[in-house]
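Each chain, letter by letter, is given below.
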Amino acid sequence: MISTWAARAGLLAATSVGFTFGRDRTFARTESPQRSVSESLPAPKGHFDIAVLGAGLVGLAVAREAAARGKRVIVLEREPYVAAGASCGNAGLGHTGYDAPEGSLERRLLRRAISLHPKLYRSFGLSLNHVRKCGSLVVAWTPDQVQALENVYDESLKAGDLDVQRLSKSDLKSFEPELSEAALGAILCPNEAVVEPFLIPIGYAESALRHGAQIHVNTTVATVSRQKDAWRIGIVETPTSSSMNRSKVGQQLAERDTQEESLCDLDKSVDGEVEARVVINCTGLYADELERVRLHDEVAPFRVTPRKGQYLVFETDLELDHVVETVPSQFSKGVIVWSTVYGNIIVGPTAEDQQSKVDRSTDEATMSRLQAWAAKVVPALDGAKIVGSYSGLRTATEFRDYQIKSFPADGWVTVAGIRSTGLTACGAIGEYVVDLFEKDFASDGCPSTVPRHERTSSEAATASAPTPAIADNSNNDKENDKDEKDTAFSKTCSRAEADLLGVSKAKKSLATPRFACQLEAVPTLQALSKEYQVRGDGCVTVYGKLWKVTHPIASFGMETYSGKQCGTTS
């Protein structure tokens with residue numbers, strides 16, 4: 001019996017039951033779970049330059065970047081919505097990289113991403129209503145942490161944040177009036193930000209579509225085999241639906257998801273087949289298991305250990321001017337307290353390694369600890385109304401850096417171990433990964449020998465773009481740097497729209513003009529919240545389409561939004 005390896009957080013349906021591999025690198029299930037049938041989508045077909053497996057933040061950013069450079073791209077996602085796995089359990093915070101190891105790829109890509117964000121987010125139609133650069137306070141609560149603040153200061157300078165400031169105990173009252181008097185000092189990191197975390201991934205998704213990518217949700221990968229110079233990917237309809245990683249309205253705890261033991265029975269032939277020159281593994285929590293396909297059943301060079309982070313959400317009129325962080329450890333930024341763009345205050349995340357890749361429940365003991373910590377940091381939160389809780393699973397590995405590598409002989413790129421900084425870094429990760437593709441795999445055009453993420457302005461201005469694989473765009477050699485690149489795609493080419501929403505069936509491929517990819521203005525938080533409350537089905541309209549609100553920060557926020565714009569913006 002052929003089984004699926006696509007599942008909850010991105011693509012894979014690997015469970016604790018285990019899998020074996022056949023000669024064609026097909027996952028074979030050792031027992032038959034209960035079948036659940038959902039609405040089918042038209043199976044994608046055709047030959048592509050790149051098959052991105054997983055439609056989380058990183059997979060969508062890779063797809064957007066590749067499609068914008070003219071590659072034929074398909075994204076395959078098992079869930080009925082994009083960003084429904086690890087990407088819907090983050091904190092919605094923009095990091096500057098001071099706690100990433102010096103010299104690491106993570107820090108380098110975080111810094112590159114920060115430089116991309118202003119123009120990139122504007123191209124998604126986002127405004128200061130959706131993104132606020134409020135800065136963070138890294139607060140010391142003990143004498144030992146006061147000493148450790150010097151390391152935070154030094155690392156911030158090394159990372160490129162030259163405007164960080166040391167704050168004394170007496171300074172803190174004017175910077176954050178609601179902060180407890182028990183705070184002994186802090187480092188102000190003014191470039192850290194709070195964002196609306198549901199809108200960022202759908203911005204990447206819509207931009208990828210308009211650049212010509214295909215995105216197929218509800219699509220489970222059943223077989224993967226390498227034949228000659230291409231991967232052949234057998235796909236079937238996903239027979240299960242996604243579950244939220246948050247508590248229900250009126251409840252404090254998120255329940256454990258039991259879908260791990262009841263996925264699908266694939267005792268039938270595949271519905272379709274996709275052929276791609278290169279596979280890009282963006283499957284998040286399951287990246288190590290998918291690596292076994294490339295390695296012919298051998299153990300992957302890294303192991304993904306899900307690191308659960310639990311969060312508690314308050315509804316209050318209180319407003320924090322900054323994100324309040326603790327002195328970070330080697331593996332975590334610690335428990336944070338901050339105001340979301342919707343005005344809720346959140347405390348979290350915890351950091352709990354676990355074996356399950358689907359358990360996103362929250363527990364009473366942890367919620368009690370988070371509630372107590374929130375009251376310690378911000379005394380006015382003692383007794384504040386609790387809206388609910390949620391959790392996320394970070395894609396931690398045994399390494400303190402991203403695991404991104406190209407394997408030219410295998411036609412494969414691995415993108416793993418993104419941990420908790422994917423929301424911030426994904427735009428630069430997309431650049432970096434497509435640079436690897438153009439360097440190691442491009443068979444047409446003249447890819448630059450200097451990666452785009454490392455070019456100076458003069459190099460970018462003189463570098464010619466590779467010829468798009470799906471259109472005769474003869475004017476592409478006039479292309480300048482990445483910020484101006486999209487305008488080169490003005491001629492007609494093939495674009496397939498996929499149903500991202502789990503609301504209606506996918507549309508058929510259409511021949512449409514290329515876009516400069518300035519997306520329409522995203523509705524205000526007030527408008528989104530009003531529509532969310534009126535509709536009552538968990539969806540809102542953005543870019544003229546209905547999207548399922550998958551991130552708990554957004555769904556809690558839209559349920560409780562009072563109409564105020566939270567915090568300062570810049």
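Look above for the structure.
In this report, the structure presented in the accompanying data block is examined. (Residues numbered from 1 in each chain as written. Predicted model: local features only at pLDDT ≥ 70, side-chain atom pairs only at ≥ 80, totals over all residues. Heavy atoms only, no water.)

This part takes up the nonpolar core. Residues Ile 280, Trp 338, Ile 404, Val 415 and Ile 429 are the most contacted members of the largest nonpolar core, which totals 85 residues. With ten residues, helix α8 (residues 422-440) is the single largest residue contributor to this core. Beyond its immediate chain neighbours, meaning those up to four positions away, Trp 338 contacts Ala 91, Leu 93, Val 194, Tyr 311, Leu 320, Val 323, Asn 344, Ile 345, Ile 346, Gly 348 and Ile 553. One finds Leu 179, Leu 312, Val 377 and Val 378 within the second-largest nonpolar core, a separate group that totals 24 residues. (Core = buried A, V, L, I, M, F, W, Y, C linked by side-chain atoms within 4.5 Å. Buried < 20%, exposed > 50% of the residue type's maximum accessible area, 1.4 Å probe, protein only. Helix = DSSP H or I, 4+ residues; strand = E, 2+ residues; numbered from the N terminus. Contact = heavy atoms within 4.5 Å.)

We now examine the pattern of salt bridges. Counted under the stated rule, the structure contains 28 salt bridges. Measuring nitrogen to oxygen at the nearest pair gives 2.9 Å for the salt bridge that ties Glu 65 to Arg 69. Exposure class is identical for Glu 65 and Arg 69. Each is buried. Here Arg 232 ties to Glu 273 by a salt bridge, and the two come within 2.4 Å at their closest N and O atoms. Of the two residues, Arg 232 is situated in strand β13 (residues 230-237) and Glu 273 in strand β14 (residues 272-281); the sequence distance between them amounts to 41 residues. On the basis of relative accessibility, which here comes to 35%, the residue Glu 273 falls in the partly exposed class. When salt bridges that share partners are traced, they join Glu 65, Arg 69, Lys 71, Asp 435 and Glu 438 into one network. (Salt bridge = Lys/Arg side-chain N within 4 Å of Asp/Glu carboxyl O.)

Right, let's talk about helix α5 (residues 199-210) for a bit. Between the first and last C-alpha of α5 there are 16 Å, a value that for twelve residues agrees with the 16 Å anticipated at 1.5 Å per step. By the criterion of burial, α5 is predominantly enclosed, with twelve of the twelve residues buried. Those residues of α5 lying buried are Leu 199, Ile 200, Pro 201, Ile 202, Gly 203, Tyr 204, Ala 205, Glu 206, Ser 207, Ala 208, Leu 209 and Arg 210. Just past α5, the residue Gly 212 takes up positive phi, approximately 110°. (Expected span 1.5 Å × (residues − 1).)

A word on the packing of aromatic side chains. All chains considered together, the criterion is met by eight aromatic pairs. A ring pair is formed by Tyr 342 and Tyr 561, whose centres lie 6.0 Å apart and whose planes are at 90°; its orientation type is edge-to-face. Highlighted residues: Tyr 342 in the loop between β17 (336-339) and β18 (345-348) and Tyr 561 in the segment after α12 (552-560), separated in sequence by 219 residues. Overall, Tyr 342 belongs to the buried group, its relative accessible area being 2%. Among the aromatic residues, those joined into a cluster by ring pairs are Tyr 121, Phe 124 and Tyr 204. Over the ring of Phe 556 we find Arg 246, and its NZ or CZ is 3.8 Å from the ring centre. Arg 294 extends its terminal NZ or CZ atom over the ring of Phe 407, reaching a point 3.5 Å from the ring centre. (Phe/Tyr/Trp six-rings, centres within 6.5 Å; stacked < 30°, edge-to-face > 60°. Lys NZ or Arg CZ within 6 Å of the ring centre and 35° of its normal.)

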